[in-house]
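# Tertiary structure, described
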4 protein chains.
Amino acid sequence: MRAARTRFRVRYAETDGQRIAHHAVYPVWFEMGRADLLRDLGLDYGAMEEAGTFMVVADLHVRYRRPVHYDEELVLETTVRETGRSSVVVVYCLWRDDVQVATGETLMVMVGSEGRPISVPSALRDALAAPRAEGWQGDAPPPDLA
Amino acid sequence: MRAARTRFRVRYAETDGQRIAHHAVYPVWFEMGRADLLRDLGLDYGAMEEAGTFMVVADLHVRYRRPVHYDEELVLETTVRETGRSSVVVVYCLWRDDVQVATGETLMVMVGSEGRPISVPSALRDALAAPRAEGWQGDAPPPDLA
Amino acid sequence: MRAARTRFRVRYAETDGQRIAHHAVYPVWFEMGRADLLRDLGLDYGAMEEAGTFMVVADLHVRYRRPVHYDEELVLETTVRETGRSSVVVVYCLWRDDVQVATGETLMVMVGSEGRPISVPSALRDALAAPRAEGWQGDAPPPDLA
Amino acid sequence: MRAARTRFRVRYAETDGQRIAHHAVYPVWFEMGRADLLRDLGLDYGAMEEAGTFMVVADLHVRYRRPVHYDEELVLETTVRETGRSSVVVVYCLWRDDVQVATGETLMVMVGSEGRPISVPSALRDALAAPRAEGWQGDAPPPDLA
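The residue count restarts for each chain, going from 1 along the sequence in the order it is written. Labels are handed out in written order, letters beginning with A for the chains and numbers beginning with 1 for the ligands. Residues qualify for local features only when their pLDDT is at least 70, as the model is predicted, and side-chain atom pairs are given and counted only at 80 or more; totals for whole chains, interfaces and linings, by contrast, use all residues. Only hydrogens and water are set aside; all other atoms, that is, all heavy atoms of the structure, feed into the side-chain values.

### Points about the packing of aromatic side chains
- Between the rings of Phe, Tyr and Trp (Trp by its six-membered ring), a pair exists once the centres lie within 6.5 Å; its type follows the angle of the planes, with under 30 degrees stacked, over 60 edge-to-face, and the other angles tilted. Applying the stated rule across the entire model yields 28 aromatic pairs over all chains.
- A ring pair is formed by A:Tyr45 and D:Tyr12, whose centres lie 5.7 Å apart and whose planes are at 65°; its orientation type is edge-to-face. On the criterion of chain membership, the pair formed by A:Tyr45 in helix 2 (residues 45-50) and D:Tyr12 in the loop between strand 1 (3-9) and helix 1 (26-40) is interchain, its members lying in two chains. Comparing A:Tyr45 with D:Tyr12, the two get one shared label, buried.
- Three or more aromatic residues joined by ring pairs make a cluster, and in this case those are A:Phe8, A:Tyr26, A:Trp29 and A:Tyr64. Helix and strand definitions follow DSSP, with helices as H or I runs of at least four residues and strands as E runs of at least two, each counted in order from the N terminus. Only protein chains enter the accessibility calculation, which uses a 1.4 Å probe; a residue whose area is less than 20% of its type maximum is buried, one above 50% is exposed, and one in between is partly exposed.

If you want it as structure tokens, here you go:
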């Protein structure tokens, strides 16, 4: 299993009247993480859709541990935890320096262009089955933050 | 020419760290106004797209006159000001009670499914050419607010 | 316990490249439901914040059952399921006619202006403890939809 | 005058049912450009707000020239064109490789914590008055793209 790392800053538009990032923006960040995970695996989600394979979010869970503020730089770690016949479970850890500010997971179902579940494409399955990158296990800050 | 009236409340997620509605949400509200204008004219934008006609925003102008806050109830007035061969200019007035809080306009270009400009559909052109509803002229608060 | 009912249409800006509502917009809808629930209880969330009480989302769970599309009219049912010392669990059912398209829940923690947990305000606790409205139990379509 | 350069990818959540970036996301990108422009000038917008100076968008104009798609990498160039007593005009050019896909401008008014206009802070005024960086003039692709 592999982890993708996405580094970004909190946008002003992403904050709300409490002056912290609004909770609905975290799934948008997770989606960036999934795109980067696929890219790291040599896959391109846009091309997957053009080929008729869509990843649909069937279930979303987010745990908000610490508020994050405008312009803070965050690092999102994205990993696949399980692969089923037509679904994958993706897990997310969001860090500000060495503080874990949120975690989450999504159940992604692969569907064809008519919206029916299809098998996880072999390119994705093979990429996910490749030996895990050294190092980060997802339960501690990523190496260069630790 | 007709004016559509859309009534809605400012959502919490639409506010930003200044505790006012973020400026990028106004074009989203204007889009709701366009949908309601089409609906009032007996047209359905979703069906237009399925039939291969897309309205694309080519130019957007917004003047922000007063800040608006969480949960305030606003009324958006939406009118077509000009109709060209393949475009329409839509204008917007946003009111909080009898205070004009913003105005705007968008240049909408009609395009086909390959992205090329096409003529304004006759159903839309005819609907827009029908005699103007009584009353509101767009430069004063709408009647029931005045 | 009470259920608030919020009726709204899917905005075009809320759809994504799959031509369905993007999954990150559901927590924004849930937030509208919470505001309406408080309003139905005679409370005003904006005034609560001005008085120094903030409801913070600590945990979010959404199950997406059916896709929803542009301009569809949806009904959101929002209820408080549990009330703790400084938290409430709010549950959501989203309906398109008599089809349950999504469910969700959020753990809301009450915090003061310095970000520390505080007791659930007595006005809210009392309102939630009032006898339950007749009828809808949250596990079947609301009465006028059934 | 200086130009800041911001490089980013189009997020999936930013696309709409036409499979292109929704027009309301461009002002969010422009806001990122302003933050980067201030950062390049040695200023920090978050700190400005904490010190009681807010930049409010009073007027927004966007010209959409070409659609942009999911995952495309874009470069935003942000420059201040005019500085008034309590306002600045900021202009934006958005590029995909050497194609100008959009341009825009915003009138920014400086306001104090009570919402009244105040003078442009001297740190900002001085930074803007410093000699212009070599090269890019805003009317041609930035040098490394040309």
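From this point, things continue past the structure.
### Notes on the interface of chain A and chain C
- Contact definition: two residues touch when any of their heavy atoms are within 4.5 Å. Between chain A and chain C, the contact holds 21 residues from the first and 21 residues from the second.
- Two parts placed together each lose some accessible area under a 1.4 Å probe, and adding up what both lose gives the buried area. Between chain A and chain C, a total of about 1,700 Å² is buried, with carbon and sulfur atoms accounting for 53% of that surface.
- What makes a salt bridge here is a side-chain nitrogen of Lys or Arg within 4 Å of a carboxyl oxygen of Asp or Glu, nothing more. Inspection of the region where chain A meets chain C yields 0 salt bridges.
- Pairs of N or O atoms within 3.5 Å make up the polar contacts considered here, provided that, within protein, one atom can donate a hydrogen while the other can accept it, and that residues adjacent in sequence are counted only when both atoms are side-chain atoms. Inspection of the chain A/chain C interface yields 14 residue pairs in polar contact (both at pLDDT 80 or more).
- Residue assignment for the side of chain A that touches chain C shows that the elements contributing at least two residues are helix 1 (26-40), helix 2 and strand 2 (54-64) of chain A.
- Element by element, the count of residues in the side of chain A that touches chain C is highest for strand 2 of chain A, at 11 residues.
- Throughout, the ten residues Ala, Val, Leu, Ile, Met, Phe, Trp, Tyr, Cys and Pro are labelled nonpolar, Asp, Glu, Lys and Arg are labelled charged, and all others, Gly among them, are labelled polar. Considering only residue class, the side of chain A that touches chain C consists of 12 nonpolar, 4 polar and 5 charged.
- Should DSSP find at least two bridges between two strands, the strands are regarded as paired. Looking at chain direction, strand 2 of chain A and strand 2 (residues 54-64) of chain C are connected through 5 bridges and run antiparallel.

### Looking at the interface of chain B and chain D
- If you look at the interface, chain B gives 21 residues, while chain D gives 21 residues.
- When the two sides are added together, the surface that chain B and chain D hide from each other amounts to roughly 1,700 Å², 52% of it contributed by carbon and sulfur.
- For the pair chain B and chain D, the number of links is 0 salt bridges.
- Along the contact surface separating chain B from chain D lie 14 residue pairs in polar contact (both at pLDDT 80 or more).

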